[in-house]
Amino acid sequence: MADLAGKRIGVRSQGDTGIVVTRTMLAELGLKDDRCEYIAIGDGAPAGAAIDNDRVDAMVAFDTAAARVELVGTKLRHVPLTPKFAQFGSGWLCVPRELLKKERKALVGLFRGMAKSTLFAHHNLEAGIDLHWAVYPESRPKGRSEDEARKELAFILKDRRNSWMRRPDDPDQRIGASSLAEWKSNIEMAVDGGRNPKLADELGDPNRLFTNELIDEVNAFDRQAVVEMAKSFRL
C-alpha cells in the first residue's frame, strides 16, 4: 500500500470513495497523498484498458468492481489493506427509532432471516445465485448461457462472499454486531473525506449512532444447521 504514494491511481470517477480510501490508508502508514494523481478510468473494460495501456500505476476499487476488470482479461495483483483500515465497517441497516420500538419482533425476524441467508449463500454460493434468479429472473444476465452467467457471477462474488462473514480474528463473531471503535474509525474517515473538521462534534456521542440491542436475538439460531442445509441444498 505504501508504494501508492506519489503514483497515478485509477478511480471510477473523481467523486469516487477510492480517493478517500487511498488517503486514509496512506495516512495510517504515516504518508501523504499530496503527490498522487487520481485519474477517472470508469469500470470494467475501460478500467482494464487504462491499466493495460499504462495510463495508471494502480487502481483503487471495491472487490466486485475489481473482479469485473479481471473478467475482461486484465491481470491484477491485489494489495492487502492496511491493518486499521481492514477493520472498518462497510455497511449497516438503519431503521427509525420509533419503528424499532413498535416493530421490534418483526425487525428481529427480518434481520435473523438476512443472517441465515447470508450464511447460506457463503457456504453454497451457486445455490444462492440460483435462488436469487428464481425470485428475480429479470436480474439474470442476457445474451449468454445460464452456466456462463453463473460462472461469471460466482467469479465476481469470489472475494465478496468472504466479506459477508466476520473476520476470524474478530472477538465478536455475532452476525451484524458493531463496535464503538469501528464507528469512531468510520467517523474519522468521514471527517477527512468530507473536509468537515466539525463533523465528529456535530454527530456527538458515537454510541447514539448504532445499537447491538437486537444482535443476540438475531443470532439466536443454529448456525451449523443452516450450514448443513446450504451444503446439501439443490434447487
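Below is a summary of the structure that appears in this document. (Residues numbered from 1 in each chain as written. Predicted model: local features only at pLDDT ≥ 70, side-chain atom pairs only at ≥ 80, totals over all residues. Heavy atoms only, no water.)

## What about the pattern of salt bridges?
This is how it is decided: Any Lys or Arg side-chain nitrogen found within 4 Å of a carboxyl oxygen on Asp or Glu counts as a salt bridge. Think of it in three bands: with a 1.4 Å probe and only protein chains considered, a residue is buried below 20% of the maximum accessible area for its type, exposed above 50%, and partly exposed in between.
Scanning all chains against the criterion turns up 20 salt bridges. Where E146 meets R140, a salt bridge forms, and the shortest distance between an N and an O atom there is 3.3 Å. Taking relative accessible area as the criterion, E146 reaches 38% and is therefore assigned partly exposed. With a closest N to O distance of 3.0 Å, K158 and D159 form a salt bridge. With relative accessibility at 27%, the residue K158 sits in the partly exposed group. Within the structure, one salt-bridge network assembled from shared partners comprises D130, R140, E146, D147, R150 and K151.

## Let's talk about a nonpolar patch on the surface
Spelled out, the test is: A patch consists of residues whose relative accessible area exceeds 30% and which take part in no salt bridge; residues with like charges are grouped when within 9 Å of each other, and nonpolar side chains (Val, Leu, Ile, Met, Phe, Trp, Tyr) when within 5 Å. Surface accessibility follows the Shrake-Rupley procedure with a 1.4 Å probe radius. Residue values consider only the protein chains on display as shielding. Helix numbers and strand numbers start at the N terminus; a helix is a DSSP run of H or I with at least 4 residues, a strand a run of E with at least 2.
Taken together, the side chains of L93, L110 and M114 make up a nonpolar region of the molecular surface, amounting to roughly 280 Å² of accessible area. Looking at the secondary structure, you find M114 in helix α5 (residues 104–123). The exposure class assigned to M114 is partly exposed, which follows from its relative accessible area of 32%.

## Brief notes about the sheet that holds strand β1 (residues 8–11)
The strands making up a sheet associate through backbone hydrogen bonding, with each pair oriented either parallel or antiparallel. Condition: For two strands to pair, DSSP has to find at least two bridges joining them.
An order of β2-β1-β3 is seen for the 3 strands of this open sheet, with the pairing classed as parallel. Edge strands, defined here as strands with exactly one partner in the open sheet, are β2 (37–40) and β3 (58–59). Of the pairings in the sheet, the one linking β1 to β2 comprises 4 bridges and is parallel in character. Across the sheet, residue R8 finds its bridge partner in β2, namely E37.

## Remarks on helix α3 (residues 63–71)
Taking burial as the measure, the 9 residues of α3 include 7 buried ones, the bulk of the element. In the segment just after α3, G73 is the residue with positive phi, at about 105°.

## Notes on the packing of aromatic side chains
Stated formally: Ring pairs shown here join Phe, Tyr and Trp side chains whose ring centres sit within 6.5 Å, with only the six-membered ring taken for Trp; geometry is labelled stacked below 30 degrees between planes, edge-to-face above 60, and tilted in between. As a reminder, the over-ring test applies to NZ of lysine and CZ of arginine, requiring each to be within 6 Å of the ring centre and within 35 degrees of the ring normal.
According to the stated counting rule, one finds 4 aromatic pairs in the structure shown. Ring centres of W92 and W183 lie 4.5 Å apart, and the angle between their planes is 45°; on these two criteria the pair is classed as tilted. Of this pair, W92 sits in the loop between α3 and α4 (97–102) while W183 is found in helix α9 (residues 180–194), placing the two residues 91 residues apart along the sequence. W183 gets classed as buried once you look at its relative accessible area, which sits at 15%. Members of the aromatic cluster, joined through ring pairs, are W92, W183 and F210. Taking NZ or CZ as reference, K158 lies 4.9 Å from the ring centre of F155, over its face.

## Notes on the side chain of T64
Keep this limit in mind: We call two residues contacting when some pair of their heavy atoms lies within 4.5 Å.
Note that T64 resides in helix α3. Look at T64 and you get buried, because its relative accessible area is 12%. Those residues in contact with T64 that sit more than four places away from it in its chain are I156, L157 and R160.

## Some points on helix α1 (residues 18–28)
The buried fraction of α1 is high, at 9 of 11 residues. G30 occupies a position one or two residues after α1 and carries a positive phi of about 80°.

## Describing the nonpolar core
Convention followed: As used in this record, nonpolar core signifies buried Ala, Val, Leu, Ile, Met, Phe, Trp, Tyr and Cys residues forming a set joined through side-chain atoms within 4.5 Å.
Of all hydrophobic cores here, the largest spans 17 residues; its most connected members are L4, I9, Y38 and F85. Taken together, the elements giving at least two residues each to this core come down to β1 and α1. Ignoring sequence-local partners within four residues, the contact set of I9 consists of L4, T22, C36, E37, Y38, I39, V56, A58 and V60.

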